[in-house]
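Inside the fold
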Amino acid sequence: MPFELEPLFTIIGQAVVYFALFLFAIAVLGSLLIAYSFKTERFFFPGFMLFSITLLETLVKALFRFVGMDDSMVDDVGIALKNKISLRKFRDTPLNKRLIFFPQCLRATTCPSKLSPEGMQCINCGSCEIGAAKKSAEGMGYKVFIVPGSSFIRRLVRKHKPKAILGVGCMTEVKAGLEMCERLNLFGVGLVLEKAGCVSTVLDWDKFYEFIEFDEPNDIRPF
Ligand code: SF4
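Here's a quick rundown of the structure. The structure presented is a predicted model; accordingly, all values stated were derived computationally and were not measured. (Residues numbered from 1 in each chain as written. Predicted model: local features only at pLDDT ≥ 70, side-chain atom pairs only at ≥ 80, totals over all residues. Heavy atoms only, no water.)

A few points about helix 6 (residues 171-184)
If you check helix 6, its first and last C-alpha atoms are 20 Å apart, about what 14 residues at 1.5 Å a residue would give, namely 20 Å. If you check which residues of helix 6 are buried, you get Met171, Val174, Leu178, Met180 and Cys181. Packing partners of the buried residues in helix 6 comprise helix 3 (72-92), helix 5 (150-160), strand 5 (164-169) and strand 6 (187-192). Just downstream of helix 6 lies asparagine 185, where phi reads positive at about 65 degrees. (Helix = DSSP H or I, 4+ residues; strand = E, 2+ residues; numbered from the N terminus. Expected span 1.5 Å × (residues − 1). Buried < 20%, exposed > 50% of the residue type's maximum accessible area, 1.4 Å probe, protein only. Contact = heavy atoms within 4.5 Å.)

Pasting the structure below:
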């Protein structure tokens, strides 16, 4: 009996090796495309790149590190690709069904806002850009929140039942937020802070206004 199974084990072994080589080839090709897209700020085979990032993120990042490159590039491209895919649907969503979330670290350190169940209550004191941005976005019909953490986001999403979300945050928060949107079947787009941290973080506000104001998704800079 054992020798009858031997050819089967050989075939299975070979299949595993070929499959591993196949995945490795996808990861290498995906990595090359990601690096090239990041450098040129243009997407090449976006579906394939997103597939390689989604399926083989750990391996793709390991390849970046192996050749001495910054693996955060993979997250940058992944977020930009997801934004590109969702932006049209985000903008097709009625404004009153879109929520915007700012992180509280983007406020001025002297911010006088008080915490409420809906997040920090901005009084538009003028000490940071959030006040003007919030006013402008709310004037268009968005609901805007300044939140201290992801538990607030989940609760506010349950309460306001949006169809689309624009989230601002550090790379990790935006990645998690976009994954949450995918799970909840919402159209999520994310803006990564230029400078992250616990306080005095920095956002590219021009990019924020591009996201909320323009009609043509191709106008958005990918990174
Ligand atoms: S504009 Fe709003 S968020 Fe910014 S510091 Fe003033 S109250 Fe705080």
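And the narrative resumes.
Some remarks on unusual backbone geometry
A positive phi angle, near 50 degrees, is found at phenylalanine 45, a position not held by glycine. Secondary-structure assignment places phenylalanine 45 in the loop between helix 1 (2-40) and helix 2 (46-66). Residue classification places phenylalanine 45 among the exposed positions, given a relative accessible area of 62%. Positioned with a positive phi, asparagine 185 is a non-glycine residue whose angle comes to about 65 degrees. Along the chain, the position of asparagine 185 falls in the loop between helix 6 and strand 6. Judged by relative accessible area, asparagine 185 falls into the exposed class, the value being 68%.

The values reported here are purely geometric and, on their own, carry no functional implication.
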